[in-house]
Amino acid sequence: MKRPSGPEEAQPPASDIRVFARSCSMHGLGHVFGPGGPMARRGLWTAAVLLALATLLYQVAGRVRYYGEFHHETALEERESRRLTFPAVTLCNINPLRRSRLTPNDLHWAGPALLGLEPAEHAAYLRALGRPPAPPGFMPSPTFDVARLYARAGHTLEDMLLACRYRGWPCGPENFTTVFTRMGQCYTFNSGAEGAELLTTPKGGTGNGLEVLLDVQQDEYLPMWRDMEETPFEVGIRVQIHSQEEPPLIDQLGFGAAPGYQTFVSCQKQQLSFLPPPWGDCSSVSLDPDFEPEPSGPLGPPRPSPGPSPPYSLIGCRLACESRYVARKCGCRMMHMPGGAPVCSPQQYKDCAHPALDAMLRKDACTCPNPCASTRYAKELSMVRMPSRAAARYLARKHNRSEAYIAENVLMLDIFFEALNYETVEQKKAYEMSELLGDIGGQMGLFIGASLLTILEILDYLCEVFRDRVLGYFWNRKRSQRHSSANLLQEGLGSQRTPVPHLSLGPRPPTPPCAVTKTLSSSQRTCYLVTRL
């Protein structure tokens, strides 16, 4: 008789590495953990898989390290436009104060600080100015405002501007905005202040920009009394072309236009874009120029500025930093500086503000990052002599001046775009996150034939291992404890049973009533069986 065969062998669980190796899409695992095959073949496949994994990890670590260095690259591109916004143009007369507007009170307050005059030299200086001397019993004013001095004694645009045209249309002083700089009172065309609409131009070339005819008023220049650091030796107009978002820094960035010449300024717009940290060092947060000696609370932030902050710019940051430094050292600010601190008096200018500002510029104490977005204008200058003899006679008759005065004081400034194309200089990330993921995916496919779904397969296998090996261990342990408790209970019940004696094979005697026997169930509940005795 043939012996019956045993039960079929049970299937291995999903947590078995051989089952996973047969179904995983990663190359090589089936040859390493698959059934059968010589050991030498498995050893070669194991070495190949480990070598591929090591190479993959090395390549991935290099790509991640390169991404963590946050490299950037700069792209230069030229673009076309149908219409460009005209830049802001700031004009300053090189002479800050008119000689005909100075008074003995001005010399008393501002003479030592701004002009380098000693009190004993005031009378001689007034004579050099052609002004009458101070009257007997002269008493200076109790207070003095430097900003009011420059506003009153500085050159006015109504006197300097002889003619103005923008794209052939007439313009005038109403199209300019007064601004204070370190050179005194200046004027900005197309500033966009107070919500004014910015002017644009649809064409390039001369005649499609700003043309101004200016009188420098050389007769109003102050006499050279003593050689000082800021004593001007030249004559003419200082000009700065800048965007509306940044204030003028004309004493450092402006160019000169001399009388007796027509200056042509050909501009080209450039848009700059920089990256913020960690790829770059740009910033878009404006610096508050107001200095506060103490915060608003023990741990609270500084007091916010009462109004909206202007757009961040490199020049604006430098001016705000200088204002805070001078306010910290002197308790005041210079008239061209932003902020809410009071304007320094002439004596504070001489004793504290000028030395503090010069020391700060020498130390380069202000660290201002580049703005994340800014606009600048490249310039090309050319000049021709003016006026001609015929034009000099015409201008002399028109403005009631002599031909010699016209030749020594009048200049023309012509500012225009060379073309409507503009340049963009943009910083870009040299290595994006998408490129990092693409490189990692390519390396995985090249060395181990894996993809993102392979990673999901590995995670799913780890979950199966955790469920079968870890959770299964605790489940089996709990089940074994339950079985052992049940066996002990059954043994206890078996020991408490009383055997029934059989004395004879005759009829069974009657059972007495109300006899009670006590039994225990496997669920540890107590039951009572009432039988008749």
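To keep things clear, this report deals only with the structure shown in the data block. Computed from a predicted structure; not experimentally measured. (Residues numbered from 1 in each chain as written. Predicted model: local features only at pLDDT ≥ 70, side-chain atom pairs only at ≥ 80, totals over all residues. Heavy atoms only, no water.)

### Examining the pattern of salt bridges
Note the following rule: Only one rule defines a salt bridge in this text: a Lys or Arg side-chain nitrogen within 4 Å of an Asp or Glu carboxyl oxygen.
In this structure the tally under the stated criterion is nine salt bridges. Across the pair R148 and D145 runs a salt bridge whose closest N-O atoms are separated by 3.8 Å. The shortest N-O distance in the salt bridge between D468 and R467 comes to 3.5 Å. Here the salt bridges share partners, and the residues they tie into one network are E464, R467 and D468.

### Quick notes on the side chain of T90
Threshold: Helical segments are the DSSP runs of H or I of at least four residues, strand segments are the runs of E of at least two, and each set is numbered from the N terminus. Exposure classes here rest on a 1.4 Å probe applied to the protein chains alone. A residue is buried below 20% of its type maximum, exposed above 50%, and partly exposed in between. For this analysis, a polar contact is any N or O atom pair within 3.5 Å, provided that within protein one partner can donate a hydrogen and the other can accept it, and provided that sequence-adjacent residues contribute only side-chain to side-chain pairs. In what follows, a contact means two residues having at least one pair of non-hydrogen atoms within 4.5 Å.
Within the element layout of this structure, T90 appears in strand 3 (residues 88-93). The exposure class assigned to T90 is buried, which follows from its relative accessible area of 0%. A distance of 2.9 Å separates the side chain of T90 from the side chain of T188, its partner in a polar contact. Setting aside anything within four residues of it in sequence, one finds T90 in contact with V179, C186, Y187, T188, R238, V239, Q240, H242, P248 and I250.

### A few points about a nonpolar patch on the surface
To keep things clear, this is the line we draw: Put simply, a patch holds well-exposed residues, over 30% relative accessible area, that have no salt bridge, with like charges counted together within 9 Å and Val, Leu, Ile, Met, Phe, Trp or Tyr side chains within 5 Å. Here the Shrake-Rupley method, with its probe set to 1.4 Å, supplies the accessible areas, and only the displayed protein chains count as covering residues.
Nonpolar side chains collect at one region of the surface, where L452, L453, I455, L456, I458, L459 and L462 lie side by side and expose about 650 Å² of accessible area between them. On the secondary structure map, L459 appears in helix 14 (residues 452-496).

### Overview of unusual backbone geometry
With omega at 5°, the peptide bond leading from P277 into P278 counts as cis. Mapped onto the elements, P278 comes out in the loop between strand 12 (261-273) and helix 9 (314-330). The linkage connecting M386 with the following residue, P387, adopts the cis geometry, with an omega of -5°. Secondary-structure assignment places P387 in the loop between strand 13 (373-385) and helix 11 (389-399). Of note, the phi angle at F70 is positive, near 55°, even though the residue is not glycine. By the element assignment, F70 lies in the loop between helix 3 (39-68) and strand 1 (72-79). Although it is not a glycine, Q217 sits at a positive phi angle of roughly 55°. Summarising the element assignment, Q217 is placed in the loop between strand 9 (210-215) and strand 10 (237-242). For Q217, a relative accessible area of 11% corresponds to the buried category.

### Quick notes on the side chain of Q217
Polar side-chain contacts of Q217 include one of 2.7 Å to the side chain of H155. Those residues in contact with Q217, other than ones at most four positions away along the chain, are R98, H155, D159, M160, Y405 and N409.

### Thoughts on the nonpolar core
The following threshold applies: In this description, a nonpolar core means a group of buried Ala, Val, Leu, Ile, Met, Phe, Trp, Tyr and Cys residues linked to one another through side-chain atoms lying within 4.5 Å.
Within the largest apolar cluster, 37 residues are counted, with the highest numbers of intra-cluster contacts made by F176, L210 and I415. With four residues, the top contributor of residues to this core is strand 14 (residues 410-417). Every residue in contact with I415, bar those within four places of it in the chain, is listed here: F86, V89, G209, L210, V239, I241, V265 and C267. Grouped together as the second largest cluster of nonpolar side chains are 33 residues, L114, Y150, C321 and C332 included.

### What about the environment of L214?
For L214, the position within the fold is in strand 9. Considering only alpha carbons, one finds L214 and A163, 51 residues apart in sequence, at a separation of 7.2 Å. The contact partners of L214, leaving out residues within four places of it in the chain, are L91, M160, L161, L162, I237, N409, V410 and L411.

### Comments concerning the state of the cysteines
What counts is decided by this rule: In plain terms, two cysteine sulfur atoms within 2.5 Å form what is called a disulfide here.
Summed over the entire model, instances satisfying the criterion amount to seven disulfides. The residue that forms a disulfide with C317 is C368, at a sulfur-sulfur distance of 2.2 Å. When the S-S torsion is -85°, as for the bridge of C317 with C368, the disulfide is left-handed. A residue pair is termed long-range when its members are at least 10 positions apart, and C317 in helix 9 and C368 in the loop between helix 10 (346-363) and strand 13 qualify at 51 residues. When its relative accessible area of 7% is taken as the criterion, C317 is described as buried. The disulfide bridge from C332 ends at C344, spanning 1.9 Å between sulfur atoms. Its S-S torsion of about 95° marks the bond between C332 and C344 as right-handed, since a negative value means left-handed. With C332 in the loop between helix 9 and helix 10 and C344 in the loop between helix 9 and helix 10, the pair connects residues that are 12 residues apart, well separated along the chain. Residues C332 and C344 agree in their burial class; the two are buried.

### Details of helix 10
How we decide: The span one expects for a helix is its residue count, reduced by one, times 1.5 Å. What the bend at a residue measures is the angle between two axes, fitted to the seven residues ending there and to the seven starting there.
Taking 1.5 Å of rise per residue, the 18 residues of helix 10 would be expected to cover 26 Å, and the 24 Å separating its terminal C-alpha atoms lies within 8% of that figure. Of all the bends in helix 10, the greatest reaches close to 35° and is centred on A353; the proline P355 follows between one and four positions later. At its buried positions, helix 10 is contacted by helix 4 (104-115), helix 6 (146-153) and helix 9. Once helix 10 finishes, D364 follows within two positions and takes phi at roughly 55°, a positive value.

### Describing the packing of aromatic side chains
To keep things clear, this is the line we draw: For Phe, Tyr and Trp, where Trp contributes only its six-membered ring, two rings pair if their centres lie within 6.5 Å, and the inter-plane angle classes them as stacked under 30 degrees, edge-to-face over 60, or tilted in between. The rule is short: NZ of Lys or CZ of Arg within 6 Å of the ring centre and within 35 degrees of the ring normal puts a charge over the ring.
If you walk through the whole model with that rule in mind, you get 11 aromatic pairs. Ring centres 6.3 Å apart and planes at 45° place the aromatic pair Y377 and F417 in the tilted group. Within this pair, whereas Y377 is found in strand 13, its partner F417 is found in strand 14, the two being separated by 40 residues in sequence. What makes F417 buried here is its relative accessible area of 2%. Taken together, the aromatic side chains of F86, Y166, F176, F189, Y377 and F417 make up a single cluster linked through ring pairs. Just above the ring of Y261 sits the side chain of R385; from NZ or CZ to the centre is 5.3 Å.

### Looking at the sheet that holds strand 10
Put simply, the rule reads: Strand pairing is defined by DSSP finding a minimum of two bridges between the two strands. Interaxial angles span 0 to 180 degrees and are taken between N-to-C directions of axes, which are lines fitted to C-alpha atoms, for helices over the stretch in contact.
Spatially, 6-7-3-10-11 is the arrangement adopted by the five strands of the open sheet, whose pairing is antiparallel. Taken across any chain shown, the strands that pair with only one partner, and hence form the sheet edges, are strand 6 (176-181) and strand 11 (255-257). Across the sheet, the mean angle separating the axes of adjacent strands is 35° when strand polarity is ignored. Both strand 10 and strand 11 contribute to a ladder of three bridges, which runs antiparallel. In the strand pairing of strand 11, V239 is matched with F255.

### As for the pairing of strand 4 (residues 161-166)
Within a regular beta strand, the side chains point alternately toward one face of the sheet and then the other, so they alternate between its two faces. Two elements, strand 4 and strand 9, share five bridges in a ladder whose sense is antiparallel. Its bridge partner being in strand 9, L161 is matched across the sheet by L214. One ladder, built from two bridges, connects strand 4 with strand 5 (residues 169-170); its direction is antiparallel. In the sheet register, Y166 faces strand 5, and the bridge partner there is W169. In textbook terms, the turn of a hairpin is the stretch between consecutive antiparallel strands, and for strand 4 and strand 5 this stretch comprises two residues, one of which, R167, has a positive phi near 55°.

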